[in-house]
Amino acid sequence: MSHTEKSHTEPLLTVSGLRKSFGDREVLRSIDLEVRRGGVVALVGPSGSGKTTVLRCLNSLEVPDGGRITVGGALTVDFDGRTDKRALDALRDRSAMVFQHYNLFPHMTVLENVTEGPVQVRKRPRAEAVAEAERLLARVGLGERGDAYPHELSGGQQQRVGIVRALAMRPQVLLFDEPTSALDPELVGDVLSVIKELSDEGWTMVIVTHELAFAREVADEVVFMDQGVVVERGAPEVVLGSPTRERTRQFVRRLQQRF
Amino acid sequence: MDWELVRTSLWPIVRGAVLGTIPLTLASFALGLAIALVVALMRLSRVTVAAAVARAYVSVIRGTPLLVQLFVIFYGLPSVGLTISPWPSAIIAFSMNVGGYAAEVIRAAILSVPKGQWEAAHMVGMSRGLALRRIILPQAARVSVPPLSNTFISLVKDTSLASLILVTELFREAQQIAAPSGEFMVLYVEAAAVYWVICLFLSAGQSRLERRLDRYVAH
Ligand SMILES: Nc1ncnc2c1ncn2[C@@H]1O[C@H](COP(=O)(O)OP(=O)(O)OP(=O)(O)O)[C@@H](O)[C@H]1O
Ligand SMILES: [Mg+2]
């Protein structure tokens, strides 16, 4: 891989023509997406529009039926119904996901949750993985909670552990699936500010969210999806401020009424 | 009541428990769990042949009496040229039986682990095997403890059937003293009491184990 000056403008992640069906239900119909290095894309749209499925395809938790995903120029995966496992594993290695319901490992301490992947999968020396985990935990304000079990933490703390677990995999792209939607309102802020900091540090991210104010603040681009297609995309203030499509307008209006 | 008989027979009966019932139970349970894990994983595997074989195994084990299984192995197999002595026969029969019942427990426990746990494991790069070993089975094990403890306690009592294939264990010791003396009531109640005491200890152990495992589980 050659890192040149133009690397900060070239797309790090490119998705084209992504298709996915469950049975005879077509959930993604030719999705295109481009995220530049250090860029933040917010995926928004009504329930069932396919946002989570897009993220899951990026992390190989779902195998698309068609289309292509390119990460960093070095990895291109074509989906043709029989994509081999090695390609899926390689794709998964490039990204790390933060789940809506955290999905922390309940039988492991916070520290073990974070070091599990680096040590067991990436085979990094434990001491090194622990040191990095402690540093990352401290950064999200959980430096003292390494020995706690997930159920001893608040939802907001658990989600910050979820974020640290993703960071510890050293991914090229961070994927967030409604990271705050399971949280009590007063805990949302902490998690969002962590995500904001990560974007300021230059992490490349795709965020599914219903927090439109946050999307405006953190995203370079907002992509509005409905029924498995991208309806509208562009700068946050355009898509969320003065959308051109009727479906986008309805969606934004409905979400704003909620608050 | 003949207290002298109770006193003199207690030692042989306890010896039968210590040298027969308890090792027979432990060996059969350990082997049985290994069989159960394999059968449970076969039932959950995507290989349809493996799943079908496992399903048939569980069905046969659960659909036939343990005593008959024991007799097939000890009295039946010799007529097809395979003679197995009492102890190994008992261990084979009991462990295969535990294997069938515990397989269902383990399978249900694995299925009870939320799908999100598999996904998080895959997200950090784990293969199915590693995810199973590091993430799913430890959680399934906690769920399995209460039902498997029950299987274990049942097994302690079921090992009395081994007396029928001449394994010297608790109940056979009691029988051997009862027959010449004619004191069936005294000896059999005594044997029952020893089983009961063993099971009381096991139940207490089960509660403690469950409380300890509970600490890590969110409610
Ligand atoms: N494993 C699956 N099997 C069958 N259908 C599925 C599966 N996963 C998702 N779907 C369906 O695909 C559609 C898109 O789901 P997806 O979770 O991607 O939507 P979403 O945009 O994330 O919605 P939400 O905002 O409610 O999270 C839904 O209709 C859902 O029911
Ligand atoms: Mg979703």
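Residues numbered from 1 in each chain as written. Chains lettered and ligands numbered in written order. Predicted model: local features only at pLDDT ≥ 70, side-chain atom pairs only at ≥ 80, totals over all residues. Heavy atoms only, no water.

Engineer: Lay out the overall build of chain A in plain terms, naming residues and giving numbers.
Structural biologist: Broken down by element type, chain A carries 9 helices and 10 strands. Expected size for 259 residues packed as a compact globule is a radius of gyration near 18 Å; at 18 Å, chain A falls within 12% of this value. With respect to the three principal axes, the spread of C-alpha positions in chain A is 50 × 45 × 45 Å. Out of the 259 residues belonging to chain A, those deemed buried represent 56%. Looking at chain A alone, contacts between residues at least 24 apart form 64% of all its contacts between residues at least 6 apart. Of the roughly 11500 Å² that chain A leaves accessible, carbon and sulfur atoms contribute 46%. Side-chain charges of chain A comprise 34 positive and 37 negative groups, with the mean position of each set lying 4 Å from the other. (Helix = DSSP H or I, 4+ residues; strand = E, 2+ residues; numbered from the N terminus. Rg over C-alpha atoms; globule rule 2.2 N^0.38 Å. Buried < 20%, exposed > 50% of the residue type's maximum accessible area, 1.4 Å probe, protein only. Contact = heavy atoms within 4.5 Å. Areas by Shrake-Rupley, 256 points an atom, 1.4 Å probe, with all protein chains shown as cover. Lys, Arg positive; Asp, Glu negative; His and termini not counted. Charge placed at Lys NZ, Arg CZ, Asp CG, Glu CD.)

Engineer: Pulling in residues and values, what's your account of the interface of chain A and chain B?
Structural biologist: A common measure of how large an interface is: the accessible area buried when the components associate. On the side of chain B, 20 residues touch chain A, which itself brings 21 residues to the contact. Between chain A and chain B lies a buried interface of about 1900 Å² when both sides are counted; carbon and sulfur atoms form 63% of it. When the buried surface of chain A facing chain B is broken down by residue, Phe105, His107 and His151 of chain A rank first, second and third, together holding 27% of it. Between chain A and chain B we count 2 salt bridges in total. Summed over the shared surface of chain A and chain B, the result is 6 residue pairs in polar contact (both at pLDDT 80 or more). (Buried area = accessible area lost by both parts, 1.4 Å probe. Salt bridge = Lys/Arg side-chain N within 4 Å of Asp/Glu carboxyl O. Polar contact = N/O pair within 3.5 Å; in protein donor to acceptor, adjacent residues only side chain to side chain.)

Engineer: Account for the sheet that holds strand S7 (residues 173–177) of chain A, naming residues and giving values.
Structural biologist: All names here are of chain A. Ordered in space as S6-S7-S8-S3-S9-S10, the 6 strands form an open sheet in which the pairing is mixed. Looking at strand neighbours, the two that pair on one side only are strand S6 (95–98) and strand S10 (229–234), the edges of this open sheet. Looking at each pair of strands side by side, their axes are set apart by 20 degrees on average, direction ignored. Two elements, strand S3 (residues 40–44) and strand S8 (residues 204–208), share 4 bridges in a ladder whose sense is parallel. Its bridge partner lying in S8, leucine 43 is registered against valine 208. Strand contacts of helix H5 (residues 155–167): S6 and S7, with the helix running at about 175 degrees to S6, the strand carrying the most contacts. (Pairing = 2+ DSSP bridges. Axes fitted to C-alpha atoms, helices over the stretch in contact; angles between N-to-C directions.)

Engineer: Go over the site of ligand 1, please, and point to the residues and values.
Structural biologist: Residue and element names in this part refer to chain A. Around ligand 1 lies a shell of 13 residues, among which Arg25, Ser47, Lys51, Thr52 and Thr53 are the nearest. Glycine 50 is positioned with one of its backbone polar atoms (N or O) 2.9 Å from an oxygen atom of ligand 1. With respect to ligand 1, the side chain of glutamate 178 contributes an N or O atom lying 3.3 Å from an oxygen atom. Considering ligand 1 on its own, with 630 Å² of exposed area, one finds that the protein chains cover 65% of that surface. When residues of the shell around ligand 1 are traced back to their parent elements, those giving at least two are strand S2 (25–36) and helix H1 (51–58). The element contributing the most residues to the shell around ligand 1 is H1, with 3 residues. (Near = heavy atom within 4 Å.)

Engineer: Explain H1 of chain A to me, and be specific about the residues and the numbers.
Structural biologist: Residue and element names in this part refer to chain A. Within H1, 7 of the 8 residues are buried, which leaves the element mostly enclosed by the surrounding structure. Every buried residue of H1 is listed here: Lys51, Thr53, Val54, Leu55, Arg56, Cys57 and Leu58. One or two positions beyond H1, positive phi appears at serine 60, with a value near 55 degrees.

Engineer: Got a sec to walk through the packing of aromatic side chains? Specific residues and values, please.
Structural biologist: All names here are of chain B. On inspection of all chains with the given rule, the structure shows 6 aromatic pairs over all chains. Judged by centre distance (5.3 Å) and plane angle (40 degrees), the rings of phenylalanine 171 and tyrosine 188 are tilted. Taken together, the residues phenylalanine 171 in helix H7 (residues 170–181) and tyrosine 188 in helix H8 (residues 184–214) connect sequence positions 17 residues apart. Judged by centre distance (5.9 Å) and plane angle (50 degrees), the ring pair of phenylalanine 184 and tyrosine 188 falls under tilted. Of this pair, phenylalanine 184 and tyrosine 188 are both found in helix H8, 4 residues apart, which corresponds to roughly one turn of the helix. On the accessibility criterion, phenylalanine 184 (41% relative accessible area) is partly exposed. For tyrosine 188, a relative accessible area of 29% translates into the label partly exposed. Among the aromatic residues, those joined into a ring-pair cluster are Phe71, Phe74 and Tyr75. (Phe/Tyr/Trp six-rings, centres within 6.5 Å; stacked < 30°, edge-to-face > 60°.)

Engineer: Before we move on, can you summarise the confidence of the model for chain B with the specific residues and values?
Structural biologist: Chain-level statistics for chain B give a pLDDT mean of 94 and a share of 97% at 70 or above. With a pTM of 0.90, the predicted complex shows an ipTM of 0.92. (pLDDT = per-residue confidence, 0-100.)

Engineer: Explain the environment of isoleucine 91 of chain B to me, using residue names and the numbers behind them.
Structural biologist: Residue and element names in this part refer to chain B. Mapped onto the secondary structure, isoleucine 91 falls in helix H4 (residues 86–112). For isoleucine 91 and threonine 64, which are 27 residues apart along the polypeptide, the C-alpha to C-alpha distance reads 17 Å. The contact partners of isoleucine 91, leaving out residues within four places of it in the chain, are Leu24, Ala27, Ser28 and Leu31.

Engineer: Which residues make up a nonpolar patch on the surface, and what values go with them?
Structural biologist: Residue and element names in this part refer to chain B. A cluster of nonpolar side chains, namely Leu67, Phe71, Tyr75, Leu164 and Leu166, defines an oily patch on the protein surface of about 420 Å² accessible area. Position of leucine 67 among the secondary structure elements: in helix H3 (residues 66–76). Looking at leucine 67, the relative accessible area reads 31%, which means it is partly exposed. (Patch = residues over 30% accessible without salt bridge, like charges linked within 9 Å, V, L, I, M, F, W, Y side chains within 5 Å.)

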